[in-house]
Amino acid sequence: MTAAAEFDFESLRARLQPECEEIIGRYEDTRSALIPLVRLFQEHEGYASAQALEAVADMLRLPLAVVESTVSFYTLFFRKPIGKYMLQPCRGLSCIINGAEEIMAHFRARLGIGHLQTTDDGLFSYEEVECLAACDRAPCMQVNWRFRYDLTPQNVDDLLAALRGGAAGIAPLAQTKAPEKTWHVDHDVPRSAGGVGVSNPNNAGGVGDRSGVIMLDRVLADPSFAERSHERLVHESNLRPTTGDGGHH
Ligand code: FES
């Protein structure tokens, strides 16, 4: 993308400098401006670039690691470029009961991508998210953080067509660099034994996620867990189970 090659971060930083100073001035502790500043850069750049994080660390006189670790905690900060429209159908319980699985399958089929992926043309990014607190209008979603309610396969098709035609009344996100297939950054952090093979909070798995089942199977299969679950029974005689030979309670 030509615009990507031409993007000049230093010009953006100079242009945003007065606004950054105004934001920093709002807080007694300048560190409190960290998230609003990263958000400001992301709004203009389309993602939280490495240069933006360095600039924020510089402005707040913080170690870069502090900025990076804060940003990596929040899934609404994108460490890599995303599409112009972020599509986020809800996969929470109320939405699932009301047909979210069909909606998610429909999105995946129509877009040809999966959870945390961006279409080849850089137009759509797709993420299945947790409860959006609009359960009374399930199944629902957000498009660039604007709600769409009572989803059906038909109105999903209408929405995608309107977005492609620029007629949905939703402004595209900034895109200063062409997105890759995914914006997800796999943090190479060693997992605890219980967490191995279980998807992380940035990728809870989407349709067919078995994280909970994996964890439960692991607990049931581990003899040490079985012993621990009977600790109270050993100490509290009234809780001891009846044995097959008509034994005590
Ligand atoms: S479960 Fe989807 S909005 Fe609450």
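Keep in mind it's a predicted model, so treat the numbers as computed, not measured.

Visitor: Looking at this structure, how should I read the layout of surface pockets?
Guide: Over the atoms, a rolled probe matching the size of one water molecule traces out where space is still vacant. When its volume is computed, the largest pocket comes out at roughly 370 Å³. Considering the residues around the largest pocket, the lining is formed by Ile35, Arg39, Gln42, Glu43, Gly46, Leu76, Phe77, Phe78, Ile82, Trp145, Leu173 and Ala174. Residue classes in the lining of the largest pocket are distributed as 8 nonpolar, 2 polar and 2 charged.

Visitor: Sorry, what's going on with the packing of helix α2 (residues 9-25) against helix α4 (residues 50-60) here?
Guide: In helix packing, the relevant descriptors are the interaxial angle and the interaxial distance, both defined with respect to the helix axes. Where α2 meets α4, the axes come as close as 11 Å, and the angle between the chain directions of the two elements is 40 degrees. Classed by the angle they form, the pair α2 and α4 counts as oblique. Between α2 and α4 the crossing geometry is right-handed. Within the contact between the two elements, α2 uses Phe9, Arg13, Gln17, Cys20 and Ile24 and α4 uses Gln51, Ala52, Ala55, Asp58, Met59 and Leu60. Partitioned by chemical class, the residues of the contact of α2 with α4 number 7 nonpolar, 2 polar and 2 charged.

Visitor: Hey, could you run me through unusual backbone geometry in this one?
Guide: It is generally the case that most residues other than glycine have a negative phi and that most peptide bonds are trans. Across the junction of alanine 138 and proline 139, the peptide omega takes the value -5 degrees, indicating a cis bond. Inspection of the secondary structure assignment puts proline 139 in the loop between β3 (124-126) and β4 (141-143). Residues other than glycine seldom take positive phi values, yet arginine 61 does so here, at roughly 55 degrees. Examined against the element boundaries, arginine 61 turns out to sit in the loop between α4 and α5 (64-73). Overall, the relative accessible area of 74% leaves arginine 61 in the exposed class. Backbone geometry places tryptophan 145, a non-glycine residue, at a positive phi of 70 degrees. By secondary structure assignment, the location of tryptophan 145 is in the loop between β4 and β5 (146-148).

Visitor: Help me out: how do you make sense of the packing of aromatic side chains in this one?
Guide: Each aromatic ring pair is summarised here by two numbers: the centre-to-centre distance and the angle between the ring planes. Under the definition given, this model contains 8 aromatic pairs. Ring plane angle 40 degrees and centroid distance 6.1 Å describe the contact between tyrosine 85 and phenylalanine 124, whose orientation is recorded as tilted. Here phenylalanine 124 lies in strand β3 and tyrosine 85 lies in strand β1 (residues 85-89), a separation of 39 residues in the sequence. As far as burial versus exposure is concerned, tyrosine 85 and phenylalanine 124 are alike and both buried.

Visitor: What is the right way to read the nonpolar core from this model?
Guide: In summary, soluble globular proteins display a tendency toward joint burial of nonpolar side chains. Among the nonpolar cores identified, the biggest contains 27 residues, and Leu87, Phe107, Leu111, Phe124, Val143 and Leu163 are the most heavily contacted of them. Taken together, the elements giving at least two residues each to this core come down to β1, α7 (100-111), β3, β4 and α8 (153-164). Tallying contributions element by element places α7 first for this core, with 5 residues. If sequence neighbours within four positions are ignored, leucine 163 has contacts with Tyr85, Leu87, Phe124, Val143, Ala168 and Ile170.

Visitor: Sorry if this is basic, but what is going on with the pairing of β1 here?
Guide: Regular strands show a simple pattern: their side chains alternate between the two faces of the sheet. Of all the 5 residues making up β1, 5 are buried; the element is thus mostly covered by neighbouring parts of the structure. Along β1, one buried face is formed by Tyr85, Leu87 and Pro89 and the opposite face, lined by Met86 and Gln88, is buried too. With 3 bridges joining them, β1 and β3 adopt parallel strand pairing. Following the sheet pairing, tyrosine 85 is matched in β3 by phenylalanine 124. Summarising the sheet, β1 and β4 pair through 3 bridges and their orientation is antiparallel. Within the sheet, the bridge partner assigned to proline 89 lies in β4 and is methionine 141.

Calculation criteria
Residues numbered from 1 in each chain as written. Predicted model: local features only at pLDDT ≥ 70, side-chain atom pairs only at ≥ 80, totals over all residues. Heavy atoms only, no water. 1 Å grid on protein atoms, 1.4 Å probe; cavity = no way out; pocket = protein on both sides within 12 Å on 5 of 7 lines; lining within 4 Å. Points joined across faces, edges and corners; volume = space filled by probe spheres on them. Nonpolar A, V, L, I, M, F, W, Y, C, P; charged D, E, K, R; others polar. Axes fitted to C-alpha atoms, helices over the stretch in contact; angles between N-to-C directions. Helix = DSSP H or I, 4+ residues; strand = E, 2+ residues; numbered from the N terminus. Parallel < 35°, antiparallel > 145°, perpendicular 65-115°, else oblique. Left-handed = near helix turned anticlockwise from the far one by under 90°. Contact = heavy atoms within 4.5 Å. Buried < 20%, exposed > 50% of the residue type's maximum accessible area, 1.4 Å probe, protein only. Phe/Tyr/Trp six-rings, centres within 6.5 Å; stacked < 30°, edge-to-face > 60°. Core = buried A, V, L, I, M, F, W, Y, C linked by side-chain atoms within 4.5 Å. Pairing = 2+ DSSP bridges.

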